[in-house]
Amino acid sequence: MTDFLRQALLAPLGETFFIKSLVGGMMTAVVCGVVGCLVILRKMSFLGDALSHAMLAGVAGGYLFMKLAFGLEAHAPAMLVGSVLAAVLTVGLIGFVSNISRIKEDTAIGIIYTGVFAAGVVLVSAFSEYVHIDLMHFIMGDVLGVADADLWVAAIAGSIVLSVIILFFRFFHITSFDPILAAAIGIPVGLVGYALTVSVSLVVVSAVSMVGVILVVGLLITPAATAYLLSDRLEKMMLLSALFGVSSVVGGLYLCVWFNTSGGGAIMLFCTIQFLVVLFVAPRYGILAGWFRRRRQVPQQVMEDVLGFVLRQEGAVTPEKVTAAVTGERSVILRALRQMLSAELLSSQDHGLGLTEKGRREALKLLRAHRLWEAYLHRTGVAPERVHEIAHQLEHLNDPDSVHLMDHLLGHPLEDPHGSRIPAEVSHEPGKKLRASELRPEERAAVLEVTEKGRDCGLQAGDVVICGPRRNEGRTWVLHRDKEEIHLEHRQADAVWVAILGGNG
Amino acid sequence: MSTKADAPPAIDVRNLTISYGPRPALLDVSFTVAPGLLVGVIGPNGSGKSTLIKGIVGFIEPDFGEVRIFGRTMDEVRGEVAYVPQRGEVDWDYPITVRQVAMMGRYGYIPWWKNPQPRDHEMVGQALEMVRIADLQHRQIGQLSGGQQQRVFMARALAQGARILLMDEPFAGVDAATERAILDVLEAAKTRGRTLVVVHHDLVTAAEYFDRLVLLNQRMFAYGTPEQVLVPSLLSEVYEGSIRSFEMLAAAEQPGEGRES
């Protein structure tokens, strides 16, 4: 069995044609993969298709020129130059048509590239006695018949393109992500765009002889799209994309010799299957991952109820006590407990479960939301005996920004209607930057900055203040600067930014 | 604009005309902004507000006219102008982390053959701290909430260290809490002497947020303090027929109303 496998894998490596295809294909795939990332991020996939078709006219033109002018047959450099010229011409025409008329860009691409391709077809057939280009070969490619000239073209084109992209990586990165900022800091956005277009044409030219016009766009964008599903950084995406390109070529070529199929077809089929597999199993952006995520999800509400319950208990609690006290299905609550243990919100202690430091912070955040909602409900005139019950529902509306806003609108209250202390937004440890309105009595702080709306309060950056108890039903903030007492309205206290100092009472 | 005679204005827009077709998007727009002001750009949809920002930032070549930044041309002051795009213009699926976006603010100072220097990393770190998203710096930008996403781009502008900040509709589609968080950053930037130009769509809050307003609809209708610009005769000319906004505006003009701390 292993002998058979070894034979199947090693035998093709003894054949020169196979080695050549492998080397040529891998070179092409690496460059295609890297460039393809930029192509899909700039939503230029259709343009890649257009360029690959347009190059037939360039190849035919270059061939014909050298043949008629110098009598040279199939002069590779001339065909290469011709292809790049044809590509640039196509891009120029597309831009021209979509800019000067009401024709939209995607339509313009479709019109121009088929036109240029058709010109190539006509050229090849009209001069068929001079130009010996096999149209079928051009369209389908022949990866197993890679000539030395093709290898050279792929190597040179590939190294030029890779060097340009690596050297000017930041330029390509920023013009793809935010061309306006790029322009603002003096990067020639248009030039970078042209450089990319020329790179794409070079890549396409070297790939067409192997996989053909129809499949080249797949080699350009499929590995890149596969990598896109797995990466959160462009560098990583390019690396993965190159790897996926290489694996497609290797896998495809083996398929091709084992089953005696078309080389280009096998490569692209392998590439596509690879994409589908990743689409299914990718850890974050994959279909399975999304499905599992939804299934495993414990309602946020249950988690929060558990946190709130544990915080109100003295010491550790048993899981049984939690399931009895919190509303919800037993299995869901137990799952919530397991997840909270692994998320280090809870920890196992001697007599059951207790809050970790992180869990305590989360629980205090909830308690803060709860008591702010109580203060709010009290103010809207809800009957005191119902306040707690409604707040228990509303505490789940606790997005940090919204709680922050509510705290502000309520005038930063210190206590809820039952006289319980409302926890501060975050732990006020030394160095914490906040507004003076958020200071708690007894806290010592240094004034960092006074913005415009508080200029009239008499405080300046650099002052050291100690917060006193509020007056006037919490509407007047009292700060002590040395012996002096400074009174602030809400508006002024909001405009003063302070940093908490250590060593207070 | 009574500034010291020797200090050039932060932004000097002279006879700016920009077009995408036969009808100019901006026609002969001129105004000067003194350093340290918070300027709002208002006008109906399609009035050229975003175009004005893209013109100042140098993304679009004007057909005529020019923009001077601290008395110099845009090419001479590369890096002095930071730009915060409209939320809808950003590809939030782009494979890039919060920190990498902020680092882009430094790209103008890093020669192409070099890597970011320790100083660049330091400035990026400070900027992320300043807008309070340092703990999210290795997340991909699509994984943040709306308000956090807005702050990523603020951090980028701060990391750039630019003296002028241009923002395209930072308040569009954000909730009240985020709006307040953004205002904080704006005010803090102003306190540090930055000049800000902000595209804004809401007439009701315009007077409250900004020191100066530009009223735009293809050409410039007014530039001045909110009291000078938000007058019914001008507004009715610019916002032909959209009566409803005036009623809201009238309500907001009541003394003491609509003025938040």
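Small disclaimer: the values here were computed from a predicted structure and weren't measured. Residues take numbers from 1 onward in each chain, read along the sequence in its written order. Working convention: letters from A go to chains and numbers from 1 go to ligands, in the order in which they are written. For this predicted model, a pLDDT threshold of at least 70 governs which residues receive local features, and a threshold of 80 or more governs which side-chain atom pairs are given and counted, while totals over whole chains, interfaces and linings are taken from all residues. Hydrogens are left out, water is left out, and the side-chain values use all remaining heavy atoms of the structure.

### Notes on the layout of surface pockets
All names here are of chain A. A pocket, in this scheme, is an open set of points on a 1 Å grid over the protein atoms alone with protein on both sides within 12 Å along at least 5 of 7 lines, while a cavity is a set where a 1.4 Å probe fits but cannot get out; residues line either one if an atom lies within 4 Å of a point. Grid points are joined across faces, edges and corners, and a volume is the space filled by probe spheres set on the points. Space inside the second largest pocket adds up to approximately 1,300 Å³. In terms of lining residues, the second largest pocket is bounded by 33 residues, among which Arg-42, Met-44, Glu-105, Val-189 and Gly-193 are the most central. Looking at the lining of the second largest pocket, the elements that each hand over two or more residues are α3 (45-70), α4 (76-100), α5 (105-126), α8 (169-177) and α10 (189-228). Strands here are runs of E lasting at least two residues and helices are runs of H or I lasting at least four, both read from the DSSP assignment and numbered beginning at the N terminus.

### Some words on the pairing of strand β2 (residues 352-355) of chain A
Residues and elements named next belong to chain A. Relative to β2, strand β1 (residues 346-349) is paired through four bridges, and the arrangement is antiparallel. Residue pairing across strands places Leu-346 opposite Leu-355, the latter belonging to β2. Think of it this way: DSSP has to see at least two bridges between two strands before they count as a pair. With antiparallel pairing between neighbouring strands as the criterion, β1 and β2 make up a hairpin whose turn holds two residues.

### Comments concerning the nonpolar core
Soluble, globular proteins show a tendency: their nonpolar side chains are buried together. Within the largest apolar cluster, 143 residues are counted, with the highest numbers of intra-cluster contacts made by Val-35, Phe-177 and Leu-234 of chain A together with Ile-42, Ile-141, Leu-186 and Leu-215 of chain B. Broken down by element, the residue count for this core peaks at 17 residues, all from α10 of chain A. Residue contacts for Ile-141 of chain B: discarding those within four places in its chain leaves Phe-177 of chain A together with Val-90, Asp-91, Trp-92, Tyr-94, Ile-96, Thr-97, Val-98, Val-101, Gln-149 and Val-152 of chain B. Residues belong to a common nonpolar core when they are buried Ala, Val, Leu, Ile, Met, Phe, Trp, Tyr or Cys residues joined through side-chain atoms within 4.5 Å. Burial classification: accessible surface area is computed with a 1.4 Å probe over protein chains only, and a residue below 20% of its type maximum counts as buried, one above 50% as exposed, and the rest as partly exposed. Residues Val-39, Val-67, Leu-166 and Val-199 of chain B belong to the second largest nonpolar core, which totals 35 residues. We call two residues in contact whenever any of their non-hydrogen atoms come within 4.5 Å of each other.

### Brief notes about the packing of α4 of chain A against α10 of chain A
Residue and element names in this part refer to chain A. Simply put, an axis is a line fit to the C-alpha atoms, just over the touching stretch for a helix, and the angle between two N-to-C directions goes from 0 to 180 degrees. At their nearest, the axes of α4 and α10 sit 9 Å apart, and the two run at 135° to each other. By the angle between their directions, the pair α4 and α10 is classed as oblique. Pair α4 / α10 crosses with right-handed handedness. In contact with Leu-80, Ser-83, Val-84, Ala-87, Val-88 and Val-91 of α4, α10 contributes Thr-197, Val-198, Ser-201, Leu-202 and Val-205. In what follows, roughly perpendicular refers to angles from 65 to 115 degrees, roughly parallel to angles under 35, roughly antiparallel to angles over 145, and oblique to any angle outside these ranges. Crossing handedness is defined as follows: a turn of the near helix away from the far one that is anticlockwise and smaller than a right angle gives a left-handed crossing, while the clockwise case is right-handed.

### So, the confidence of the model for chain A
Every residue is assigned a pLDDT by the predictor, reflecting its confidence on a scale from 0 to 100. The predicted model of chain A has a mean per-residue pLDDT of 85, with 99% of residues at 70 or higher. Element-level pLDDT for chain A is lowest in helix α6 (residues 135-140) of chain A, with a mean of 77, against a maximum mean of 94 in α8 of chain A.

### Considerations on the pairing of strand β4 (residues 64-69) of chain B
Residues and elements named next belong to chain B. Sheet topology note: the strand β1 (residues 11-19)/β4 ladder contains five bridges and is antiparallel. Along β4, the bridge assignment pairs Ile-11 with Ile-69. In this sheet, strand β5 (residues 72-73) lies alongside β4 in antiparallel orientation, the contact comprising two bridges. What sits directly across from Arg-68, in β5, is Thr-73. The turn linking β4 back onto β5 is made up of two residues, and Phe-70 within it adopts a positive phi angle of 50°.

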